[in-house]
Amino acid sequence: MTQPTIPPAPRPAPRPHAVAPEIALKAVDARVEDVLDAVALYDGEPYLVGSLAAGLGDHRSDIDVHVVSGGDRPAALDGPVLAFTPAGTCVDVRYLDRCTIDRVVGGRRPGHGARPAGRGDAWLLSRWLNAVPLRAGAPPLLDGGQRAQAVGLITTSLLADLTALTAFAALAERAGADRAWYLCRRAGTAAWELAAVLSGQYHLGERWLPARSAAPEVAALARDAGAARRAADLDGVLRRLGVDPAAAPGRVGLRVSPEAERWTLAGEPFLLVAGRRLVPAVPSVPATVADALDGDAAAVFAGLVNGALRWTVDVGGLTPRLEPTP
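One structure accompanies this document, and this report is about it. Model, not experiment: these values are computed from the prediction. (Residues numbered from 1 in each chain as written. Predicted model: local features only at pLDDT ≥ 70, side-chain atom pairs only at ≥ 80, totals over all residues. Heavy atoms only, no water.)

1. What about the overall build of the chain?
Line of reasoning, step 1. Within the chain one finds eleven helices and ten strands.
Line of reasoning, step 2. The buried share of the chain, taken over its 326 residues, is 48%.
Line of reasoning, step 3. Considering only contacts in the chain between residues 6 or more positions apart, those separated by 24 or more positions represent 72%.
Line of reasoning, step 4. With an accessible surface of roughly 15,100 Å², the chain has 52% of that area assigned to carbon and sulfur atoms. (Helix = DSSP H or I, 4+ residues; strand = E, 2+ residues; numbered from the N terminus. Buried < 20%, exposed > 50% of the residue type's maximum accessible area, 1.4 Å probe, protein only. Contact = heavy atoms within 4.5 Å. Areas by Shrake-Rupley, 256 points an atom, 1.4 Å probe, with all protein chains shown as cover.)

2. As for the sheet that holds strand β9 (residues 277-280)
Line of reasoning, step 1. Read from one edge to the other, the open sheet built from three strands follows the order β7-β8-β9, with strand pairing classed as antiparallel. Because the sheet does not close on itself, it has two edges, and the strands there are β7 (261-265) and β9. Direction aside, the axes of adjacent strands within the sheet are offset by 40° on average.
Line of reasoning, step 2. Pairing between strand β8 (residues 268-273) and β9: four bridges, direction antiparallel. Within β9, the position partnered with Leu272 by the bridge is Leu278. (Pairing = 2+ DSSP bridges. Axes fitted to C-alpha atoms, helices over the stretch in contact; angles between N-to-C directions.)

3. Considering unusual backbone geometry
Glycine aside, residues mostly have negative phi angles, and peptide bonds mostly take the trans form.
Line of reasoning, step 1. Notably, Asp29 is not glycine yet its phi reads approximately 55°, a positive angle.
Line of reasoning, step 2. Inspection of the secondary structure puts Asp29 in the loop between α1 (21-24) and α2 (32-38).
Line of reasoning, step 3. Using a relative accessible area of 59% as the deciding quantity, one classes Asp29 as exposed.

4. Quick word on the packing of helix α4 (residues 98-106) against helix α5 (residues 121-129)
Line of reasoning, step 1. Between α4 and α5, the shortest axis-to-axis distance is 10 Å and the interhelical angle comes to 115°. Crossing geometry of α4 relative to α5 is assigned as left-handed. When α4 is examined against α5, the residues Ile101, Val104 and Val105 are found in contact with a partner set consisting of Asp121, Leu125 and Trp128.
Line of reasoning, step 2. Class assignment of the residues belonging to the contact of α4 with α5 gives a composition of five nonpolar, no polar and one charged. (Left-handed = near helix turned anticlockwise from the far one by under 90°. Nonpolar A, V, L, I, M, F, W, Y, C, P; charged D, E, K, R; others polar.)

5. Some points on the packing of aromatic side chains
Line of reasoning, step 1. All chains considered together, the criterion is met by two aromatic pairs.
Line of reasoning, step 2. Considering the side-chain rings of Phe168 and Trp311, the 5.3 Å spacing of their centres and the 80° angle between planes classify their relative orientation as edge-to-face. Remark: Trp311 occurs in strand β10 (residues 309-313) and Phe168 occurs in helix α6 (residues 144-175); sequence separation between them is 143 residues.
Line of reasoning, step 3. The exposure class of Phe168 is buried, given its relative accessible area of 9%.
Line of reasoning, step 4. We classify Trp311 as partly exposed; its relative accessible area is 21%.
Line of reasoning, step 5. Seen from their ring centres, Trp181 and Tyr182 are 6.1 Å apart, and the 90° between their planes marks the pair as edge-to-face.
Line of reasoning, step 6. Taking the relative accessible area as the measure of exposure, Trp181 reaches 37% and is therefore partly exposed.
Line of reasoning, step 7. Arg179 extends its terminal NZ or CZ atom over the ring of Tyr182, reaching a point 5.7 Å from the ring centre. (Phe/Tyr/Trp six-rings, centres within 6.5 Å; stacked < 30°, edge-to-face > 60°. Lys NZ or Arg CZ within 6 Å of the ring centre and 35° of its normal.)

6. Examining the sheet that holds strand β4 (residues 90-97)
Line of reasoning, step 1. Judged by pairing direction, the sheet is mixed, and its five strands sit side by side in the order β3-β4-β2-β1-β5 without closing on themselves. Bordering the open sheet on either side are β3 (81-84) and β5 (132-133), each of which pairs with just one other strand.
Line of reasoning, step 2. In terms of strand pairing, β3 meets β4 through four bridges, oriented antiparallel. The residue of β4 that forms the bridge with Leu82 is Asp92.
Line of reasoning, step 3. With respect to the sheet, α4 is in contact with β2 (63-69) and β4, its orientation differing from that of β4 by roughly 85°.

7. Here we look at helix α11 (residues 297-306)
Line of reasoning, step 1. Within α11, seven of the ten residues are buried, which leaves it mostly tucked inside the rest of the structure.
Line of reasoning, step 2. For α11, the complete set of buried residues consists of Ala297, Ala299, Val300, Phe301, Gly303, Leu304 and Asn306.
Line of reasoning, step 3. Downstream of α11 by one or two residues, Gly307 has phi in the positive range, about 90°.

This is the structure we're talking about:
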């Protein structure tokens, strides 16, 4: 698989949705001073991130804060520290070094071999795009060049999700899987998420998708994407994003899981997956999902479900776009 090309940012990357911290925190009855007190033990610059910073939060939202130091050693991204305001609102604090942010923004493209519905680099970048400094005079979390790069990385990652899920929905149907409709729904949601990002709404997450769909073209696409029950229902949705639905299965590559151990029992081939599950080996692994559609689709789909097969997705050369409402 070739390394995907990051599409150009669909538009310049301004900060149209970030709000002043004192206004954002009113939704949870908190003050900037309350939050600064909660993170006072951390050495670094605190930034409000998450739904409140994006202008989407409500009274049920946590206060998400990333504290960024100028250190040169990588910091862990997992294991948030929880604090509370005097009113009892949870403050979710994550401590980051500047080198970690630079690595995520400039590192490996998340669209290559991406996992659908994950909270990886694209999810982090979407938080940083709307980050608001909690102290007056602090610099933006991302500079202009980093913002443009972050938008490109998010777009590529979502495009990879959409391509893979569309291919898997077609494979599940061809295999006669009982819940093929679920993959169609997931592909529809991925299309909706990509449309929202192409409209300039960069905060990822299904919870806030309706609030991020004010643009008429996003709202219209969301209606059709949400109604998808068969792979063919996605064709028009993908075309409105500038994606050829017929090409999606050919962009998803397949291979035997490199961690699987080959076994033979009673003359039949099996694979030991994750060191504990013995599953039937796929007799012949096609190069792509498109090839699987013309072969033993049921065996390939079963291999993906039970972990015998791995997949990668190549979105090189694709530049999604959001077409206006007819």
